[in-house]
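# Observations on the model geometry
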Amino acid sequence: MNEILTGKICPYCGKPTEYVDSSIIYGRSYGMIYLCRDCKAYVGVHKGTDQALGRLANAELREAKKEAHFYFDQIAKTNLINKIWKKHIPNTSNRNKAYLWLSNQLDIPREVCHIGMFDVEDCKRVVELCKPIIEKYENRKSNQNSVHRRRWQRVPHERGL
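Residues numbered from 1 in each chain as written. Predicted model: local features only at pLDDT ≥ 70, side-chain atom pairs only at ≥ 80, totals over all residues. Heavy atoms only, no water.

## Quick look at the sheet that holds strand β1 (residues 18–21)
Across a sheet, strands are paired by hydrogen bonds formed along the backbone, either parallel or antiparallel in direction. Quick note on the threshold: DSSP-based pairing: two strands are paired if at least 2 bridges between them are found. Helix numbers and strand numbers start at the N terminus; a helix is a DSSP run of H or I with at least 4 residues, a strand a run of E with at least 2. Inter-axis angles, ranging from 0 to 180 degrees, are taken between N-to-C directions of lines fitted to C-alpha atoms, where helices are fitted over the stretch in contact.
Read across the sheet, three strands follow the order β1-β2-β3 without closing on themselves; strand pairing throughout is antiparallel. The open sheet is flanked by β1 and β3 (41–44), the only strands paired with a single partner. Taken over all neighbouring pairs, the strand axes of this sheet differ in orientation by 35 degrees on average, direction set aside. For strand β2 (residues 32–36) and β3, the ladder comprises four bridges, and the chain directions are antiparallel. Paired with Y34 across the strands is V43, a residue of β3.

Below, the structure written as structure tokens:
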């Protein structure tokens, strides 16, 4: 399992991966990646290192990760995490707090709780957990905005002008 999370072994076929420039995939370089040509699976690395950003992902997993990030990032990259989880954690970014919250919700250790390490099923669980929260807060926001709009869309004499 460890070598899968380091990007050195393909989780689909079990063969060693190649450490190559990402221009093989993207047509221009965005840095290095681990690649399994047979499975068309790859993962980028942290800039300036050979440390994988997660596990190799094939097309299906890449799509699942994109969807998971779409919903999770709306919680992690905003103040929404502080609305859904009131726990105060000193000196912790919203992103780190959100991953701690996610690890508690998914009942997995924080050390392995990162979308980059997840498989398709884990990504689906993230979507199932985060999407209703996002929709709930979007609806609240939408309702508040429509009340405000209605208030100011009345004719001027109704507003006392």
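After presenting the structure, the write-up continues.
## A few points about a positive patch on the surface
We count it as follows: Like charges are joined within 9 Å and nonpolar side chains (Val, Leu, Ile, Met, Phe, Trp, Tyr) within 5 Å, but only among residues with over 30% relative accessible area and no salt bridge; these make up the patches. Per-residue and other accessible areas follow the Shrake-Rupley method at a 1.4 Å probe size, with only the shown protein chains counted as cover for residues. Any Lys or Arg side-chain nitrogen found within 4 Å of a carboxyl oxygen on Asp or Glu counts as a salt bridge. The sign given to each residue is positive for Lys and Arg and negative for Asp and Glu; His and the chain ends receive no count. Taken as the charge location is NZ of Lys, CZ of Arg, CG of Asp or CD of Glu.
A grouping of K83, K86, K136, R140 and K141 is seen on the molecular surface, where their side chains present a positively charged patch. Top contributing element to the positive patch by residue count: helix α6 (residues 120–153), with three residues. By secondary structure assignment, the location of K141 is in helix α6.

## Things to note about the environment of T49
Note the following rule: Definition of a polar contact: a pair of N or O atoms within 3.5 Å, with one able to donate and the other able to accept a hydrogen when the atoms are protein atoms, and with sequence-neighbouring residues admitted only if both atoms are side-chain atoms.
Tracing the backbone shows T49 in the loop between β3 and α3 (59–76). A distance of 3.0 Å separates a polar atom in the side chain of T49 from the backbone nitrogen of Q51.

## Overview of the pattern of salt bridges
What counts here: When a residue's accessible area, from a 1.4 Å probe over protein chains only, is under 20% of the maximum for its type it is buried; when over 50% it is exposed; and in between it is partly exposed.
By the definition in use, this model includes five salt bridges. Linking E18 and R37 is a salt bridge whose minimum nitrogen-to-oxygen distance equals 2.6 Å. One end of the pair, E18, is in strand β1; the other, R37, is in the loop between β2 and β3, and 19 residues separate them in sequence. The exposure class of E18 is partly exposed, given its relative accessible area of 31%. The class of R37 is partly exposed, set by a relative accessible area of 45%. Here K77 ties to D73 by a salt bridge, and the two come within 3.8 Å at their closest N and O atoms. For K77, a relative accessible area of 61% puts it in the exposed group.

## Side note on unusual backbone geometry
Positive phi outside glycine occurs at N91, with the angle close to 55 degrees. Mapped onto the secondary structure, N91 falls in the loop between α4 (80–84) and α5 (94–106). Positioned with a positive phi, D107 is a non-glycine residue whose angle comes to about 55 degrees. Its place among the elements puts D107 in the loop between α5 and α6.

## Topic: the state of the cysteines
Heads up, the rule is: In this description, a disulfide is simply a cysteine sulfur pair whose atoms lie within 2.5 Å.
If you walk through the whole model with that rule in mind, you get zero disulfides. Unpaired in this structure, C39 has its nearest cysteine sulfur neighbour in C36, at a distance of 3.7 Å. Residue C39 is classed as partly exposed on the basis of its relative accessible area, which comes to 23%. As a non-bridged cysteine, C113 has C130 as the owner of its nearest cysteine sulfur, 9.7 Å distant. Looking at C113, the relative accessible area reads 0%, which means it is buried.

## Examining the packing of α3 against α5
Quick note on the threshold: Throughout this description, any angle smaller than 35 degrees is read as roughly parallel, any larger than 145 degrees as roughly antiparallel, any in the 65 to 115 degree range as roughly perpendicular, and the remainder as oblique. The criterion used for residue contact is that any of the two residues' heavy atoms lie within 4.5 Å. Classification used: nonpolar for Ala, Val, Leu, Ile, Met, Phe, Trp, Tyr, Cys and Pro, charged for Asp, Glu, Lys and Arg, polar for all others including Gly.
One way to put it is that α3 packs onto α5 with a least axis distance of 8 Å and a crossing angle of 120 degrees. Relative to α5, the element α3 lies oblique. Between α3 and α5, the residues in contact are H69, F72, I75 and A76 and N94, R95, A98, Y99, W101 and L102, respectively. When the residues that make up the contact of α3 with α5 are grouped by side-chain class, the tally is seven nonpolar, two polar and one charged.

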